[in-house]
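As a plain string of letters, each chain reads:
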Amino acid sequence: QVQLVESGGGLVQAGGSLRLSCAASGRTFSSYAMGWFRQSPGKGRECVAAIRRSGGSTYYEDSVKGRFTISRDNAKNTVYLQMNSLKPEDTAVYYCAADLDSGTYSYVLPTGPAVYDYWGQGTQVTVSS
């Protein structure tokens, strides 16, 4: 069982930055790939970034490439999402999620929300124009 708690959301002007954190409970955090998702009203939950258990492989959704950076600190059981050059269309509730990573070459970072086993409660990010 993994419990996830997000923090760092808030209100920021367009062009500003925020850093989201997701703290995980348990001693098996390093066995999980982590994803950051977002959901805005009337839209489905989309994966904006994901990172493998080792941190050696990452995924970014096209609209955030070059602006967002996902990272993790396995010693602190925490995954981060640094968000720069924020735009009003980035406004959403942001969730972190965990999927058991086999650690093998055959594992592919999932981007579909149904694959992830554990979810945080979400943190609101609002970008004003």
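Residues numbered from 1 in each chain as written. Predicted model: local features only at pLDDT ≥ 70, side-chain atom pairs only at ≥ 80, totals over all residues. Heavy atoms only, no water.

*Asks:* Please clarify how the environment of K65 should be interpreted in this entry.
*Replies:* Along the chain, the position of K65 falls in the loop between β6 (58–60) and β7 (68–73). In the structure, K65 is positioned 16 residues away from A49 in sequence and 9.1 Å away in space, judged by C-alpha atoms. A distance of 3.1 Å separates the side chain of K65 from the side chain of D62, its partner in a polar contact. (Helix = DSSP H or I, 4+ residues; strand = E, 2+ residues; numbered from the N terminus. Polar contact = N/O pair within 3.5 Å; in protein donor to acceptor, adjacent residues only side chain to side chain.)

*Asks:* In this structure, what is going on with the pattern of salt bridges? I would like to understand it.
*Replies:* Oppositely charged side chains are able to pair whenever their charged atoms sit close together. Evaluated as defined, the whole model comprises five salt bridges. D90 is paired through a salt bridge with R38; the nearest N and O atoms lie 2.9 Å apart. Of this pair, D90 sits in the loop between β8 (78–83) and β9 (92–100) while R38 sits in strand β4 (residues 32–39), and the two are 52 residues apart along the sequence. Of the charged contacts in the structure, one is a salt bridge between R67 and D90, with a shortest N-O distance of 2.7 Å. Linking R67 in the loop between β6 and β7 with D90 in the loop between β8 and β9, this pair joins segments that are 23 residues apart in sequence. Taken as a pair, R67 and D90 share a single burial class, namely buried. Residues joined in a network through salt bridges with shared partners are R38, E46, R67 and D90. (Salt bridge = Lys/Arg side-chain N within 4 Å of Asp/Glu carboxyl O. Buried < 20%, exposed > 50% of the residue type's maximum accessible area, 1.4 Å probe, protein only.)

*Asks:* Looking at this model, I keep getting lost on the sheet that holds β8. Mind explaining?
*Replies:* Strands pair in a sheet through their backbones, by hydrogen bonds, and they do so in one of two ways: parallel or antiparallel. One open sheet holds the four strands; their spatial order is β1-β3-β8-β7, and the pairing between them is antiparallel. Here the strands that pair on one side only, and so sit at the sheet edges, are β1 (4–7) and β7. Recorded for the sheet is a direction-independent mean angle of 15° between the axes of neighbouring strands. (Pairing = 2+ DSSP bridges. Axes fitted to C-alpha atoms, helices over the stretch in contact; angles between N-to-C directions.)

*Asks:* So what exactly am I meant to see when it comes to unusual backbone geometry here?
*Replies:* With glycine set apart, most residues show a phi of negative sign, and most peptide bonds adopt trans. Phi is positive for N77, close to 55°, though the residue is something other than glycine. Here N77 is to be found in the loop between β7 and β8. Even without being a glycine, S85 presents a positive backbone phi close to 50°. Turning to its location among the elements, S85 is positioned in the loop between β8 and β9. We classify S85 as partly exposed; its relative accessible area is 41%.

*Asks:* Can you help me understand the state of the cysteines in this one?
*Replies:* By definition, a disulfide links the sulfur atoms of two cysteines through a covalent bond. For the structure shown, the criterion picks out one disulfide. The side chain of C22 participates in a disulfide bridge whose partner is C96; the two sulfur atoms lie 2.0 Å from each other. One disulfide, between C22 and C96, carries an S-S torsion of 55° and so falls in the right-handed class. Taken together, the positions of C22 in strand β3 (residues 18–24) and C96 in strand β9 put the pair 74 residues apart, joining distant regions of the chain. With respect to class, C22 is no different from C96; both count as buried. This cysteine, C47, is not joined by any disulfide, and C96 carries the nearest cysteine sulfur, 12 Å off. (Disulfide = S-S within 2.5 Å.)

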